[in-house]
Structures are given as C-alpha cells and as structure tokens.
Amino acid sequence: MITKNIEKKILSYMFITVLFVGFVKGGSYIKVQRVAEYLKQDTALLDDEDALTVDALESEFTSSLWNRRKLINFNGIMARLLDMQGFYSDINLYVTDNMYIVSASDYTTTDYEFNEIVAFKEFLDQHEINLLYINEPTKYIDDDLFREQFGVETYSNQNMDMFISRIKEAGIATIDLRDSIEEENLDVCDLFYRTDHHWTTEAGLWAAQIIADGLNEYFNYHIDTSIYDESNFTLTEWTECWLGEQGKKVAETYVGLDDYTEIKPIFTTNYTFKNSKDSYEGTFDDFINEDVYNLDNDVYENSSWHYSYQRIDCINNDVEFGKVLILGDSYDQITVPFISLGVHEVDSLVLRACDDSFDLRNYILENGYDTVLICYAQFMLGAHDDPNSSNYRMFTFE
C-alpha cells in the first residue's frame, strides 16, 4: 500500500517535471543571459529608465512562460494536494485550514502612528472638529493562528492592541471592530473573502451601522441606525463567481472562487455627487458599477468585484446633518456608500494617493468638516517603517 509520504514524493516529482517542461518549452532558459546582464550592469552609469531591474526580469520571465495560465493552475493543484499552506510565503501569503488566504505583519512600536494621530487631534481640537478612529480588522483576530498553522509569527493584533490602548489613553474616540466581532460572537472569516484581503459587502454594511452608532454616541449625531437593518436592503447573490487579488497569485485551483453579494437599499435615495469638475444628481445605485459583474470574463483577467462599489464624494439630500471627511483605504469602497445613508455630506481621501504638496489640514479647514473619521485596515500600522511601502504616507496627517 502506498503511504502518504510516497504519494507526496510522487506528486513532487510530477510537479518538478511539469515545471521543467514549461521552462524548456517557453524558452525561459534564454532569460539566463538577461540575468547575467543584470549582474554585470553598473547602475551608477545608467539612467533609471535604462537600468535593468529585478521587477523587469520577473515580468519578462513570467510573460514568456509556456501555457502560463495552465502552469499557474497546475501549481495551485499541487500546492493543495501537498498541503503546502506556506508555499507562497515569499510573497507573504498563507492558506489557512479553512482555505482563507492571510498575511503576516511585522512588529512595530506604533510610535510614529501614535505621535502623528495625537498631533492631528490637537489640531482638530483647536478648530472644534471631531475625530473618530475606526480599526478595520484583518482575517484573524488571534495572532496565534500563524504560529499554530504555519509556524510563523505575526504581530497584527498585538500591534493594534498596543495602538488602541495608547490612543484611548490620549483621549481619542475609538471603535475597534474586533470588539464588536467578539461581542456578537461572530466568526471573523465570515466578514471576508477567502481569495481577497478585503471585507465583504455584508461586512461593510455591518461596519457602517456600528460607525453610525459611534457618531451618535461620541458627537451627538442623530442617525436612525435602523436604516442599516438588512431588511431595508435587497441582496443579489452570485456563487463561485470571482477571484480576488490574492487568489490570482495563489491560483483558483488551490483556493477556489469567492461568492459575492450586491446590496442596495429598498428605500428611495436622493444624492448629489461631486467631482473635481462638476456635480450630478443620482441615487445610491450610482455608487455601483455593475459592469464589473461579468461572468463571461476569465476570472484572472476580470476586475475585482470588490471595486464595483466606488468612493464618490456626495451629498445625501434626504439627511440634514453632518459633514464628514473619511480618511480611509480600499476597505472603504464599501463603507463610504453605506455611511452616507445616515450623513448629509461625506467626502473621502486615501492619503497614499496624495503627494508631498497636499496640505491635509488646510483641506479640512477649507471644506468645513465637522468630523473626521480615520477608517484604516489593521495592517496599515507599521507601513511607515518601510519607505518602499505603498502605504508609507497613511499616518502622515499634515
């Protein structure tokens, strides 16, 4: 009888053989010469656009792979059969026992983030503007998961515990959605897609109600939070219909496809949408680009269904009170539309998209906001430790 270890060895040999065939068939061995060119070049004598980079080499190599899509899917099949949960650890992707893709976070002191937000609060207090920090969790609320399933350390929740404790002590109003998850006895995984790092539309609606409660509690808003009850919305569901950004790297054949739910209010809505050039009238439906819901496209080529919801600066003509600026991230593609159902005017910014010339504080004063919400995914903490991180500027509130 063939033992499990022998089965894995056989599968491993098959895996290596197929990769070798792909390497030869695609002519990828020719790229060895390009690697030699990279190693020999003197970057001091080359302009940036002329220098050969690792990213360029990687792009050349992957684009020349023979039957690239089939190889990716075969790779995923083998990783699943061999139970290689950490196979993609070099790009910080791990697959949990219940087939969710997760990432680890390095330790950070939180000093930079703490000092920045305290100084920001002092500025806002001087101008009688409210500040509320909302922690948007990641797919696990216990860092022990990484040690137990992958033998790896992560500090995502430990970092956030430290940060939340410090800003609360500094008098900053805070909503930690991990607390709500525990209070409601929810499974955090149910709030997220398996193949994408974003939370679901249902989670966005759930979070919007909690944030509205926070606006009422801390700043004397009078939002009727019953509008966020699920009974006030139509839910259109698709099953196994799209592949998230993480899943495209790991392969559909390893983790499968995600389900999706579009959520729209059943009650009448009346909006004025703002952009840099003009404004236009519309309804909640204008937040959603339904062209994204294309079942005919290749799941690897299709746009992310998460981004069917759009962050659009808006005025809700059915609500009289509140002018809020949301400093957010891509999670808030979902929360901005839902929060706007209870607030008169909602604008949003993603600070990583702003350059050094942008003056956040002047922007806030010029637009006359009464409240600023910082709605950040938990893994934004520590991004400023890495100057190459795309999220490097997220906690720079100047």
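Structural data are supplied above this passage.
Residues numbered from 1 in each chain as written. Predicted model: local features only at pLDDT ≥ 70, side-chain atom pairs only at ≥ 80, totals over all residues. Heavy atoms only, no water.

**Q** Any chance you could explain the packing of aromatic side chains here in plain terms?
**A** Two numbers describe a pair of aromatic rings. These are the distance of the centres and the angle of the planes. Within the structure shown, the criterion is met by 37 aromatic pairs. Centre to centre, the rings of Y193 and W242 are 4.9 Å apart; their planes meet at 85°, and the pair counts as edge-to-face. Taken together, the positions of Y193 in the loop between α8 (177-183) and α9 (201-219) and W242 in strand β5 (residues 233-242) put the pair 49 residues apart, joining distant regions of the chain. Like W242, Y193 is buried. One aromatic cluster is present, built from ring pairs that chain together F233, F267, Y271, F273, Y280, F284, F287, Y309 and F338. A cation sits over an aromatic face here: R166 above F114, 4.3 Å from the ring centre. (Phe/Tyr/Trp six-rings, centres within 6.5 Å; stacked < 30°, edge-to-face > 60°. Helix = DSSP H or I, 4+ residues; strand = E, 2+ residues; numbered from the N terminus. Buried < 20%, exposed > 50% of the residue type's maximum accessible area, 1.4 Å probe, protein only. Lys NZ or Arg CZ within 6 Å of the ring centre and 35° of its normal.)

**Q** Got a minute to help me understand the pairing of strand β11 (residues 345-349) in this structure?
**A** Walk down a regular strand and you will see the side chains alternate between the two sheet faces. The buried count for β11 comes to five of five residues, which makes it a mostly enclosed element. The alternating pattern of β11 places E345, D347 and L349 and V346 and S348 on opposite faces, both of which are buried. In terms of strand pairing, strand β9 (residues 314-316) meets β11 through two bridges, oriented antiparallel. What sits directly across from I315, in β11, is E345. Both strand β10 (residues 323-327) and β11 contribute to a ladder of five bridges, which runs parallel. By the bridge assignment, L327 is partnered in β11 with L349. The handedness of the β10 to β11 crossover, carried by helix α12 (residues 332-339), is right-handed. (Pairing = 2+ DSSP bridges. Right-handed = clockwise from strand over helix to strand, strands pointing away.)

**Q** Explain the layout of surface pockets to me, please; I cannot follow it from the model alone.
**A** In this approach, a probe sized like a water molecule rolls over the atoms, and the result shows the empty space that is left. There is about 1000 Å³ of room inside the largest pocket. Lining the largest pocket are 38 residues; nearest its centre among them are N92, S103, A104, F379 and N391. Secondary-structure elements contributing two or more residues to the lining of the largest pocket are β2 (101-102) and α10 (245-250). When residues in the lining of the largest pocket are grouped by element, the largest group, three residues, is from α10. (1 Å grid on protein atoms, 1.4 Å probe; cavity = no way out; pocket = protein on both sides within 12 Å on 5 of 7 lines; lining within 4 Å. Points joined across faces, edges and corners; volume = space filled by probe spheres on them.)

**Q** Help me understand the environment of L257, please; the structure alone is not making it clear to me.
**A** With respect to the helices and strands, L257 occurs in the loop between α11 (252-255) and β6 (258-265). Separated by 64 residues in sequence, L257 and Y193 have C-alpha atoms that sit 9.4 Å apart.

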